[in-house]
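Take a look at the letters that make up each chain.
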Amino acid sequence: MQKIIEIKNLSYIYPDGTVALKDINLDIFKGDSIGMIGPNGAGKTTLLLHLNGILISNGSVKVCELPVNERNLDKIRQRVGLVFQDPDDQLFMPTVFDDVAFGPINMGLDSDRVRIKVDSALKFVDMEDYKDRIGHHLSFGEKKRVSLATIMSMEPDILVLDEPTGNLDLKHRKEFINLLKDMNITKIIATHDMNMVLSICSKVAIMDQGKLIAFDTTEKIFGNKELLAAHGLD
Amino acid sequence: MQHLYIDRYAGLDSFIHKIDPRIKVITFFIFILYIVLTNPFSYLSFLLYGLVILFLIAISRIPFPFIFKKTLAVIPFVVLIAVFVPFIKRGEVLASYTLGSLRIEFTREGIVLFWAIVIKSYLSILCMILLTSSIKFTSLLKSLEKLKIPKLFIMIASFMYRYSFLIIDEAQRMQRAKKSRAFKNKKGLSAVKMLSNIAGVLFVRSYERAERVYLAMCARGFQGEIKTLDTFSIVPRDIMFLVSIFATLLLIQFV
Ligand SMILES: Nc1ncnc2c1ncn2[C@@H]1O[C@H](COP(=O)(O)OP(=O)(O)O)[C@@H](O)[C@H]1O
Ligand SMILES: [Mg+2]
């Protein structure tokens, strides 16, 4: 199998002195679907931000063999699509269309190709009729789906999601999980939603206090009740 | 939460709404130019301008009360500025009063200028409001961009449009949370304190949000310039609109 992400000895300290990541080592293979679980403040978001070079620190992160550094940022950001937790951060353009087109336009596609990508991404999340709608007129569930479309339109190899089901009601949560299930790309999902992890993730990483505690198949991790309980994840 | 959108009626489907946004911006800009440059004594011209605007509002199917209510928000500022003009402008003195050591003079030129400011700004405001309420704000921004207004202004306006509601919501939630914990309605100094508290927290939160939004933009390949697709196309109807308004304005000059 092809190693698609390689993280070696990654540590990160925020400018204010908070130690957010301590010596993380993690290999992710093509087609993996990884659930990253752990209590609030464990460092999940910080780790995700390293995957497409939003944060860069000592230690090494490689995506498709490319080291994540200033020089490779363009290529890396086309490969790794990151959906932020709060859809109001993800959707910053006035209309849904402009938001979904933002990534493809920056990738330098011509306008016909951009339109095709936007259409298929919106169709995928079942929001074709919302093209001209305005960001702040959408419901929370709709915003979440459009957020996913803003990344899908870039057709990344790796999809990185930060708490995709947080704050969604039961019905929309289910719909969203089904959407993710239908996608056959490498996925890395930080979440508190154990049921989602069980239904779509092949592997699970447990993080706590900036450290990677365990990384194994979903059955093994969920079989180990003591481990889960030790990190407040039962 | 409910907000008053400036482009609440932008979704209508009238002749005015269908005009290409760029053409509409240009047409109304010319219209305002004509209004501003008209001799203050051509009362008939102003009357005709007013009638043309009323006609345009009528075919736009935007309710008149909506438009006039909007003008009320601006007119006090105009009057506030204009009301001092008759006293300041030098010229033929019509009346003068002495208040102690202060001498106040009231000139004919001043009154003419006052009238000119009020009527011209009112008509211009009507034009602006008809323009902004018959065009989606997003299209307005895009057409301004196409008309070579600096990108920075467009970006600022677009973020204001996208996030001002969010900030208002946040402020309302905080105020509600504060109120639900305070038992009596605070007045005076403590109310000011509470308000400044809210303002402070809002500022910090907006600052943090701006940072996160910037990261989200970078994650999708942002490199210092927002690019959007051109979605406009000019059809004969647009040109006809521009030409007929222009012709009307010219005709009005000759009456
Ligand atoms: N911008 C920041 N500045 C300083 N500290 C931060 C910042 N963002 C997060 N942290 C801190 O880093 C740690 C890890 O946070 P985060 O990665 O957001 O955790 P998680 O996503 O698992 O909840 C926490 O202690 C958090 O307080
Ligand atoms: Mg987080």
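Treat the numbers as computed from the prediction; the structure is a model and nothing was measured.

Asker: Honestly, the overall build of chain A in this entry has me stumped. Any pointers?
Answerer: Looking only at helices and strands, chain A features 10 helices and 10 strands. If you line up chain A on its principal axes, its C-alpha atoms span 50 × 45 × 40 Å. When burial is assessed residue by residue, chain A has 58% of its 234 residues classed as buried. Taking contacts inside chain A between residues at least 6 apart in sequence as the whole, the part at least 24 apart equals 62%. Carbon together with sulfur atoms contributes 48% to the accessible area of chain A, which is approximately 10,100 Å² in total. Chain A carries 28 positive and 34 negative side-chain charges, and their two centres are separated by 4 Å.

Asker: Hey, could you run me through the pairing of strand 1 (residues 93-99) of chain B in this one?
Answerer: Each regular strand displays side chains that alternate between the two surfaces of the sheet. Residues and elements named next belong to chain B. Inspection of the sheet shows strand 1 paired to strand 2 (residues 102-107) by six bridges, in the antiparallel sense. Paired with Val 93 across the strands is Thr 107, a residue of strand 2. The antiparallel pairing of strand 1 with strand 2 creates a hairpin that spans two residues between the two strands, and Gly 100 there sits at a positive phi of about 60 degrees.

Asker: What's the story with the site of ligand 1 in this structure? I'm lost.
Answerer: All names here are of chain A. Around ligand 1 sit Tyr 14, Asp 16, Thr 18, Ala 20, Pro 39, Asn 40, Gly 41, Ala 42, Gly 43, Lys 44, Thr 45 and Thr 46, and that is every residue in its neighbourhood. In this structure, Ala 42 approaches ligand 1 through a main-chain N or O atom, which is 3.2 Å from an oxygen atom. Between Lys 44 and ligand 1, the recorded distance is 2.9 Å, taken from a backbone N or O atom to an oxygen atom. Out of a free accessible area of 560 Å², ligand 1 has 63% covered by protein chains. When each cavity is represented as a set of grid points, ligand 1 is found to reside in the largest pocket. Counting residues per element, the shell around ligand 1 draws most heavily on helix 1 (residues 44-51), at three residues. When the residues that make up the shell around ligand 1 are grouped by side-chain class, the tally is four nonpolar, six polar and two charged.

Asker: Would you explain the confidence of the model for chain B in this entry?
Answerer: The predicted coordinates of low-pLDDT regions are not to be read in fine detail. Residues and elements named next belong to chain B. Considering every residue of chain B, the mean pLDDT works out to 87; 95% of them sit at 70 or more. Summarising per-element confidence for chain B, the mean pLDDT is lowest in strand 1 (79) and highest in helix 2 (residues 21-37) (95). Note on the complex model: pTM 0.83, ipTM 0.89.

Asker: How do you make sense of the pattern of salt bridges when you look at a structure like this?
Answerer: When their charged atoms lie close together, side chains carrying opposite charge are able to pair. Residue and element names in this part refer to chain A. With the rule as written, the count across this model stands at 22 salt bridges over all chains. The partner of Glu 155 in a salt bridge is Lys 117, and the shortest N-O contact between them spans 3.0 Å. With Glu 155 in the loop between helix 6 (140-152) and strand 7 (158-162) and Lys 117 in helix 5 (residues 111-124), this pair connects stretches of sequence that are 38 residues apart. What makes Glu 155 partly exposed here is its relative accessible area of 48%. Judged by relative accessible area, Lys 117 falls into the buried class, the value being 13%. Shared partners join several salt bridges into a network, and the residues in it are Lys 3, Glu 6, Lys 8 and Asp 27.

Asker: Looking at this model, I keep getting lost on unusual backbone geometry. Mind explaining?
Answerer: Most peptide bonds are trans, and most residues other than glycine sit at a negative phi. Residue and element names in this part refer to chain A. Its identity as a non-glycine residue notwithstanding, Asp 23 has a phi of 50 degrees, on the positive side. Here Asp 23 lies in strand 2 (residues 19-29). Here Asp 23 falls in the partly exposed class, since its relative accessible area comes to 47%. We note that Asn 167 has phi near 70 degrees; this positive angle belongs to a residue other than glycine. With respect to the helices and strands, Asn 167 occurs in the loop between strand 7 and helix 7 (170-181).

Asker: Explanation requested: the interface of chain A and chain B in the structure shown.
Answerer: Frequently, the measure chosen for interface size is the accessible area removed from exposure when the parts meet. Each partner contributes to the interface: chain A provides 32 residues, whereas chain B provides 30 residues. Here chain A meets chain B over a buried area of about 2,900 Å², counting both sides, of which 59% is carbon and sulfur. Summed over the three residues of chain A that lose the most area to chain B, namely Asp 89, Phe 92 and His 136 of chain A, the buried surface amounts to 23% of that side. Linking chain A to chain B there are six salt bridges. Residue Arg 209 of chain B pairs with Asp 89 of chain A through a salt bridge whose shortest N-O separation is 2.7 Å. Run the count over chain A and chain B and you get 12 residue pairs in polar contact (both at pLDDT 80 or more). Where the side of chain A that touches chain B is concerned, the elements lending two or more residues are helix 2 (73-79), helix 3 (87-90), helix 4 (96-106), helix 5 and helix 6 of chain A. No other element matches helix 4 of chain A, which puts seven residues into the side of chain A that touches chain B.

Asker: Any chance you could explain a nonpolar patch on the surface here in plain terms?
Answerer: Residues and elements named next belong to chain B. Taken together, the side chains of Leu 44, Leu 47, Leu 51, Leu 54, Phe 64 and Val 255 define a hydrophobic patch exposed on the protein surface, amounting to about 530 Å² of accessible area. For the nonpolar patch, the leading source of residues is helix 3 (residues 43-60), giving four residues. Looking at the element boundaries, Val 255 is found in the segment after helix 10 (236-254).

Asker: Honestly, the sheet that holds strand 2 of chain A in this entry has me stumped. Any pointers?
Answerer: Across a sheet, paired strands are connected by hydrogen bonds in the backbone, their directions being either parallel or antiparallel. Residues and elements named next belong to chain A. Spatial ordering of the open sheet is given by 2-1-4-5, a layout of four strands whose pairing is antiparallel. Edge positions in the sheet fall to strand 2 and strand 5 (66-67), since each has one partner strand and no second. By the bridge criterion, two bridges tie strand 4 (residues 60-63) to strand 5 in an arrangement that is antiparallel. Bridge pairing links Lys 62 to Pro 67 in strand 5. Its contacts with the sheet place helix 1 against strand 1 (3-13), strand 2 and strand 4, and it is angled at close to 125 degrees to strand 1.

Asker: Help me out: how do you make sense of the environment of Ser 206 of chain B in this one?
Answerer: Structurally, the position occupied by Ser 206 of chain B is in helix 9 (residues 189-219). When the C-alpha positions of Ser 206 of chain B and Glu 170 of chain B are compared, they lie 9.8 Å apart, and in sequence the two are 36 residues distant.

Here is what the cut-offs are and how they apply
- Per chain, the residues get numbers from 1 upward, laid out in the order the sequence is written.
- Chains carry letters from A onward and ligands carry numbers from 1 onward, assigned in written order.
- Local features are withheld for residues below a pLDDT of 70 in this predicted model, meaning they are given only at 70 or higher, and side-chain atom pairs are given and counted only at 80 or more; totals for whole chains, interfaces and linings count all residues.
- Calculation of side-chain values draws on the structure's entire complement of heavy atoms; hydrogens and water are dropped beforehand.
- The secondary structure listing takes helices from DSSP runs of H or I that are at least 4 residues long and strands from runs of E that are at least 2 residues long, numbered from the N terminus.
- The classification of residues rests on relative accessible area computed with a 1.4 Å probe and restricted to protein chains. Under 20% of the type maximum is buried, over 50% is exposed, and intermediate values are partly exposed.
- Only heavy atoms matter for contacts: two residues are in contact if any of them lie within 4.5 Å across the pair.
- For the accessible areas, the method is Shrake-Rupley and the probe is 1.4 Å, while residue cover comes only from the protein chains on display.
- The charge count treats Lys and Arg as positive and Asp and Glu as negative. His and the chain ends do not count.
- Throughout, a charge is located at the NZ atom of Lys, the CZ atom of Arg, the CG atom of Asp or the CD atom of Glu.
- Should DSSP find at least two bridges between two strands, the strands are taken to pair.
- Nearness of a residue to a molecule or strand requires only that one of the residue's heavy atoms be within 4 Å of it.
- In protein, a polar contact means a hydrogen-donor-capable atom and an acceptor-capable atom, both N or O and within 3.5 Å, with residues adjacent in sequence counting only if both atoms are side-chain atoms; elsewhere, any N or O pair within 3.5 Å suffices.
- Buried and open spaces are told apart on a 1 Å grid over the protein atoms alone, a cavity being a set of points where a 1.4 Å probe fits but cannot get out and a pocket being an open set with protein on both sides within 12 Å along at least five of seven lines. Residues with an atom within 4 Å of a point are the lining residues.
- Any molecule with more than half of its atoms within 2 Å of a cavity's or pocket's grid points is regarded as sitting in that cavity or pocket.
- When residue character is reported, Ala, Val, Leu, Ile, Met, Phe, Trp, Tyr, Cys and Pro are called nonpolar, Asp, Glu, Lys and Arg charged, and the others, Gly included, polar.
- For every residue, the predictor states its confidence as a pLDDT score lying anywhere from 0 to 100.
- Salt bridges are defined by distance alone: a side-chain nitrogen of Lys or Arg within 4 Å of a carboxyl oxygen of Asp or Glu.
- Here the quantity called buried area is the accessible surface, traced with a 1.4 Å probe, that two parts lose on coming together, added over both.
- Patch membership needs two things, relative accessible area over 30% and no salt bridge, and members are linked within 9 Å if like-charged or within 5 Å if nonpolar (Val, Leu, Ile, Met, Phe, Trp, Tyr).
- Under this scheme, a helix contributes an axis fitted over its contacting stretch, all axes are lines through C-alpha atoms, and angles between N-to-C directions fall in the 0 to 180 degree range.

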